[in-house]
Amino acid sequence: MTPHLPPTPFLRRDILGGLGSIAVASMLRAEDAWQPPDGLPMIPQRAKRVIWLFMRGGVSHMESFDPKPMLTKYAGKSIGETPYKDVQDPEKLKKVRVVVVNDANGKQRNVIYPLQTGYKRYGQCGIEISDWFPNIGSCADEIAFIRSMWTTDDNHGAQVQFHSGRHMLEPRVPTLGAWVTYGLGSMTDNLPSFINMGPRFFDVRDGHYLGPAYDAVNLKVDPKNPLTYAAPEFQIGKPQQVAQFDLIHRLNMLSAEQYPGDKTLAARMKSYQLAFNMQTAVPETMNLDAESAETKKLYGMDDKVAEPFARQLIVARRLAERGVRFIQLQHGDGAAGAWDSHSGLKKNHSSLAQQVDKPISGLLKDLKQRGMLEDTLVVFATEFGRTPGSQGSDGRDHHPYGFSVWMAGGGIKGGTIHGRTDELGFHAVEHPHYVTDVHATILHLLGLDPHRLEVPGRKRLERDFGRVIPQILA
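The residue numbers shown here count from 1 along each chain, following its written sequence. Restriction of local features to residues with pLDDT of at least 70 applies here, the model being predicted, together with a cutoff of 80 or more for giving and counting side-chain atom pairs; totals for whole chains, interfaces and linings are based on all residues. The side-chain figures draw on all heavy atoms in the structure; neither hydrogens nor water molecules are used.

Per an unreviewed UniProt entry, the chain goes by the name DUF1501 domain-containing protein and belongs to Prosthecobacter fluviatilis.

The structure is reproduced here in structure tokens:
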């Protein structure tokens, strides 16, 4: 395990004299009393790593994992004309904080829009899943479906909120992947602990006050150019490159002897060594030639529509095998995200579901047959759902009051259906969960206590910590 690098509130140089020395000495004693995480689990650990699948733009919960037949029954009527008009009680709508006033999106949509696909029950758990996700449906008994998520942002800054727990109107704070890396460190010296694949907007950093060492490393599934600046700028032989790194290392060691308390220098030395190791490890991980034809077919690489995401998920599994702690995949290009179906929802969602459905089921089945699912946590999430009412003639707007996510793998009770939205899919009405409850559950399964992941002087809100969801734990 590589050494943990805590954030540095200031660098220790020469201590000031007089009253200044007393003040600084007091600060140093306070700092020394605080101990950063040591990279070991704080509580019993059920999962060692996370594969985080995030669908950017807002997946319709009604046309995925929480079908609502009442939408079809009352299609074309206003919500006020149904038995469920109380869903628009102003008191129930107060939790949203509007980022862009008078934006065309994120509004109440009153005319009910029917379901755009059928659905059926899957697995022994009997969960109803839409016809757009039959392959994920075949894995239903491995999955815990949470149908009662809610958030407070009605625009796409909710992507930041789902990753960090904080609203876009608040200062940026570390994301879940950064906290996991901070708490547990790395399992490998050859690859980063935290990797992101796919597009990011709004906020492309993760570490924030923890420091850049806890940002995700962005990786492209391209064997020829997987990582920006990974290859030397000029052609250079391996012996010459080794000699260069050896010289840099010796120079850094001299500086380290002169400034033994300089944690920034220590982090930089570690990053140089990791960069050198990655030049071999990353291309090897990206090379799928060693994967069998059966494995590639399992993920859907024989399907042109599914192939790009299938390739990413095979790489995700290979990264997990090689010790990467948090593997984050973002699906859906564009600033808002491709799942943002304000119009043409049927065409949009059916096409995007075809891109991800088989690859995701392939990942779950592949992890299980390799014995990895028992200690790998797979999460399927999105920033919010879609409105029960129509936007325009054939779309749905952003909907933060109730939506669905799911989790599978290490420590999760498969075949679980937890929480409920009302008959229109409007509000989370049974076991509602704010987004950081998902974070708390993941950290708990990884053996971490979110209340003990802290930095002196950095106030965390109670909501930031979240609450573990015991009903979905095995």
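## Remarks on the nonpolar core
Nonpolar side chains in soluble globular proteins generally cluster together in the buried interior. Ranked by size, the top nonpolar core spans 52 residues in total, and within it Ile51 and Trp406 carry the most contacts. Grouping buried Ala, Val, Leu, Ile, Met, Phe, Trp, Tyr and Cys residues that are joined through side-chain atoms within 4.5 Å yields what is termed a nonpolar core. Summary of the burial criterion: residues with accessible area below 20% of their type's maximum are buried, those above 50% are exposed, and those between are partly exposed, where the area comes from a 1.4 Å probe applied to protein chains only. Residues Leu184, Met407, Ile442 and Ile469 belong to the second largest nonpolar core, which totals 43 residues.

## Topic: a nonpolar patch on the surface
Within the patch definition used here, like charges are joined within 9 Å and nonpolar side chains (Val, Leu, Ile, Met, Phe, Trp, Tyr) within 5 Å, considering only residues with over 30% relative accessible area and no salt bridge. Surface accessibility follows the Shrake-Rupley procedure with a 1.4 Å probe radius. Residue values consider only the protein chains on display as shielding. Salt bridges are defined by distance alone: a side-chain nitrogen of Lys or Arg within 4 Å of a carboxyl oxygen of Asp or Glu. Together, Val99, Val100 and Leu169 make up an exposed nonpolar region whose accessible area comes to about 220 Å². For helices the rule is a DSSP run of H or I covering at least 4 residues; for strands it is a run of E covering at least 2, with both sets numbered from the N terminus onward. By the secondary structure assignment, Leu169 is in the loop between α4 (158-164) and α5 (176-184). Using a relative accessible area of 47% as the deciding quantity, one classes Leu169 as partly exposed.

## Some words on helix α9 (residues 307-321)
The end-to-end C-alpha separation of α9 is 21 Å, in line with the 21 Å expected for 15 residues at 1.5 Å each. Buried residues dominate α9, accounting for 11 of its 15 residues. For α9, the set of buried residues is Phe309, Ala310, Gln312, Leu313, Ile314, Val315, Ala316, Arg317, Arg318, Leu319 and Ala320. Where α9 terminates, the next one or two residues include Gly323, which has phi positive at roughly 100°. One less than the residue count of a helix, multiplied by 1.5 Å, gives the span that helix is expected to have.

## Section: helix α10 (residues 345-369)
Note on helix geometry: an α-helix contains 3.6 residues per turn, so any two residues three or four positions apart are oriented the same way. Here α10 contains 25 residues, and its C-alpha end-to-end distance of 35 Å stays within 8% of the 36 Å for a straight helix at 1.5 Å per residue. One axis is fitted to the seven residues ending at the residue and one to the seven starting there. The bend at that residue is the angle between these axes. Bending of α10 peaks at approximately 30° at the position of Gln354. Within two residues after α10, Gly371 carries a phi angle of roughly 75°, on the positive side.

## Section: the packing of aromatic side chains
To pair, rings of Phe, Tyr and Trp, with the six-membered ring standing in for Trp, must have centres within 6.5 Å; the planes then decide the type, stacked if under 30 degrees apart, edge-to-face if over 60, and tilted in the middle. What the rule picks out here adds up to 15 aromatic pairs. Ring geometry for Trp150 against Tyr434: centres 5.2 Å apart, planes inclined by 50°, an arrangement best described as tilted. Here Trp150, found in strand β4 (residues 143-150), pairs with Tyr434, found in strand β15 (residues 433-434); they are 284 residues apart in sequence, far enough to count as distant. The burial state of Trp150 is the same as that of Tyr434; both residues are buried. An aromatic cluster is present here, built from Trp52, Phe54, Phe162, Phe194, Phe326 and Phe403 joined pairwise through their rings. Here, over-ring charges are defined by two tests on the NZ atom of lysine or the CZ atom of arginine: distance to the ring centre within 6 Å, and angle to the ring normal within 35 degrees. If you follow Arg460 out to its NZ or CZ, it ends over the ring of Trp179, 4.3 Å from the centre. The residue whose ring lies beneath Arg463 is Tyr434, and the NZ or CZ to ring-centre distance is 4.7 Å.

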